[in-house]
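Residues per chain are reported as follows:
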Amino acid sequence: MKKIILLNTLLIISIISIAQSTINHTLYHELEAKNRTYKVHLPPNYDSTQSYSLVINMHGFSGNSTSQMQYSAFNTIADTGNFIVVYPQGLVGTTSWGWTDTQWNAYYGTGTKDLEFIDTLIDRMYYDYNIDLKRVYSTGHSNGGYMSYMLACELSDRIAAIASVGGAMAFQQEGNCNISHPMPIMQIHGTDDQTVSFNGSALNSSIPDLIDYWKDKNNCTSDSILDSIPNTNLGDSTTAIIEDYNMCDSFSNVVLITVENGGHTWPGAIP
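> Explain the packing of aromatic side chains here, please?
Each pair of aromatic rings is reported with the distance of its centres and the angle of its planes. Scanning all chains against the criterion turns up 11 aromatic pairs. Relative to Trp99, the ring of Phe61 has its centre 5.8 Å away and its plane inclined at 55 degrees; by these criteria the two rings are tilted. Linking Phe61 in the loop between strand E3 (52-58) and helix H2 (65-72) with Trp99 in the loop between strand E5 (91-94) and strand E6 (100-103), this pair joins segments that are 38 residues apart in sequence. Residue Phe61 is classed as partly exposed on the basis of its relative accessible area of 22%. Relative to Tyr146, the ring of Tyr108 has its centre 5.6 Å away and its plane inclined at 75 degrees; by these criteria the two rings are edge-to-face. You can see Tyr108 sitting in the loop between E6 and helix H4 (114-129) and its partner Tyr146 sitting in helix H5 (residues 143-154), a full 38 residues away along the chain. Tyr146 carries the same exposure label as Tyr108, and that label is buried. An aromatic cluster is built from Phe61, Trp97, Trp99, Tyr108 and Tyr146, whose rings are joined through pairwise contacts. We note Arg36 situated over the ring of Phe117; from NZ or CZ to the ring centre the distance is 4.0 Å.

Dropping the structure here:
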């Protein structure tokens, strides 16, 4: 009986520990006079006296911080890599083309002050969790990818590198991109993406043209190194190729992962 009680106690402690590693926060953003929410996931054995890298992980249009946390499975990656991940929540807004839902205003015309919110959020993460301000990274799916490019261009003094999954960069952003240092970029995109087309749209250029833009921006001087990714799912009709342009200023690689026949999904997640 004592063993059963001990096991139950240990199980409860374990569950509480897991739950406490992901924390809900609210931040009052004075510029917007609104409360903004976000989730923070801490790696195991988090020590406030140590400095940690931070990854900002942003949901797509109509998504939320909880769905992005589950969809991208970044908590497991953060636990393995021993870094902190924050999942901010976008606000509901109406885009310039008439869509209304949760979003990031990466030249979407909604008027929300998301760039300033993320800037403030980085400060809050520094004071609350002792992040390393030189190792702040951004990633996101779809609209979250667009927002990551906005951070790379307009908050480059605070962002070390970005990765976009199924997102792109708005044409307006291309003309408003003044990076303060060579910016490592990774783009992951499916060739059969019906939401953010691989071949471009009225909102953004094609993905190959986007890569060329960042190759020029980072002064990449060589051809890419091509490699394939092992096909671990033979039933989804997709394969993936990596193009790595690694001879760029300050070793700022520009990487494209093309998912042949891939759609508007986060690779590895349930579509």
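> Please clarify how H4 should be interpreted in this entry.
An α-helical segment advances 3.6 residues per turn. Residues three or four places apart therefore align on the same side. Helix length check: H4 (16 residues) gives 21 Å between terminal C-alpha atoms against 22 Å at 1.5 Å per residue, within 8%. All of the buried residues in H4 are Asp114, Leu115, Phe117, Ile118, Leu121, Ile122, Met125 and Tyr129. Along the long axis of H4, the arc covered by the buried residues comes to 150 degrees, so they all point the same way. Of the residues flanking the end of H4, it is Asn130, one or two places downstream, whose phi is positive at about 60 degrees.

What counts as what
- Residues numbered from 1 in each chain as written.
- Predicted model: local features only at pLDDT ≥ 70, side-chain atom pairs only at ≥ 80, totals over all residues.
- Heavy atoms only, no water.
- Phe/Tyr/Trp six-rings, centres within 6.5 Å; stacked < 30°, edge-to-face > 60°.
- Helix = DSSP H or I, 4+ residues; strand = E, 2+ residues; numbered from the N terminus.
- Buried < 20%, exposed > 50% of the residue type's maximum accessible area, 1.4 Å probe, protein only.
- Lys NZ or Arg CZ within 6 Å of the ring centre and 35° of its normal.
- Expected span 1.5 Å × (residues − 1).
- Arc of directions from axis to C-beta.

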